[in-house]
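Observations on the model geometry
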Amino acid sequence: AQSVSQHNHHVILSEAASLELGCNYSYGGTVNLFWYVQYPGQHLQLLLKYFSGDPLVKGIKGFEAEFIKSKFSFNLRKPSVQWSDTAEYFCAVRDTGNQFYFGTGTSLTVIP
Amino acid sequence: KAGVTQTPRYLIKTRGQQVTLSCSPISGHRSVSWYQQTPGQGLQFLFEYFSETQRNKGNFPGRFSGRQFSNSRSEMNVSTLELGDSALYLCASSSRGQGAQETQYFGPGTRLLVL
C-alpha cells in the first residue's frame, strides 16, 4: 500500500521567513501529487497539483512545489510566509488505482 | 457552481448507535470519496463511489458502509458506534474519477462525537 510521509508535524515561523514542508511517498509507479491546505475553521482547499510536465508547479498564494521523482518527494515551498498562511497543510498522492493517500498533515503557525 | 455540501455539520451520538451522513457533490461530479480525519492520523480513505458503484475501499471495518444514488449524492453509514469513531468525516467529489487527471474538491465535513 502507498504511504505518504510529512516529516514536519508542527512548524512555527516568523512572518517573512521562508517555508519548506517535506512530503515523501512510497509508490514507485505513476502518481499525481497534491498539496491541500486547511485554514482554521475552513474546509480543505487545493493549493497546487502535479500531474505531468514541468516538475516545478506553482499554486495559489505564492506557493510552489517541486516533484523530484528520484527522491519520491514533493516538497512545498514559499519564499516569504504571512500570518494568513497559518493553517494545516496536507500532502496527497493519487496512484494509478485512483486511490488518494494523505499525509498526517503539518501544522504551520506564523507569528506576526 | 455550488461546492460540496455535507449534512449534518455536527452530530453527537452514543456508543452502540448508528449514524448516517450525507454528501452532495458538485453538480456534474460523479465520483464521491469519503475520508475520516483525526488528529495524528490525518485523512484516511474510507471508500469511493462512482456511478452508484463502490469502486475503491480503504481499510476500515464493515461497520462503515456507504452508497451512492443516481443523482450522485452519497450517504455513509456507521453502525454500532465506538468511541474511536469520533472524527471529522470528509466527503470529496471529482468529475470522472478513475484514470483521469482529477482533482478532488472537499466539503466542510461532518464532525461526529461519540460519547
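Keep in mind that this is a model prediction, so the values were computed, not measured.

When helices and strands are counted, chain B shows zero helices and 11 strands. When its helices and strands are written in sequence order, chain B yields β-β-β-β-β-β-β-β-β-β-β. Along the first, second and third principal axes, the C-alpha atoms of chain B reach 40 × 30 × 25 Å. The burial tally for chain B puts 51% of its 115 residues in the buried class. Partitioning the intrachain contacts of chain B with sequence separation of at least 6 by distance along the chain shows that 55% fall at a separation of at least 24. When the accessible surface of chain B is split by element, carbon and sulfur atoms take 47% of a total near 5400 Å². For chain B, the centre of its 12 positive side-chain charges and the centre of its 6 negative side-chain charges are spaced 4 Å apart.

At the interface, 19 residues of chain A touch 24 residues of chain B. Of the roughly 1700 Å² buried at the junction of chain A and chain B (both faces included), carbon and sulfur atoms supply 51%. If you look at where chain A meets chain B, you find zero salt bridges. On the surface where chain A and chain B come into contact, there are three residue pairs in polar contact (both at pLDDT 80 or more). Elements with a minimum of two residues in the side of chain A that touches chain B: strand S5 (32–38), strand S6 (45–50), strand S10 (87–94) and strand S11 (100–102) of chain A. Looking at the side of chain A that touches chain B element by element, the count peaks at four residues for S5(A).

Thresholds, definitions, all that
- Residues numbered from 1 in each chain as written.
- Chains lettered and ligands numbered in written order.
- Predicted model: local features only at pLDDT ≥ 70, side-chain atom pairs only at ≥ 80, totals over all residues.
- Heavy atoms only, no water.
- Helix = DSSP H or I, 4+ residues; strand = E, 2+ residues; numbered from the N terminus.
- Buried < 20%, exposed > 50% of the residue type's maximum accessible area, 1.4 Å probe, protein only.
- Contact = heavy atoms within 4.5 Å.
- Areas by Shrake-Rupley, 256 points an atom, 1.4 Å probe, with all protein chains shown as cover.
- Lys, Arg positive; Asp, Glu negative; His and termini not counted.
- Charge placed at Lys NZ, Arg CZ, Asp CG, Glu CD.
- Buried area = accessible area lost by both parts, 1.4 Å probe.
- Salt bridge = Lys/Arg side-chain N within 4 Å of Asp/Glu carboxyl O.
- Polar contact = N/O pair within 3.5 Å; in protein donor to acceptor, adjacent residues only side chain to side chain.

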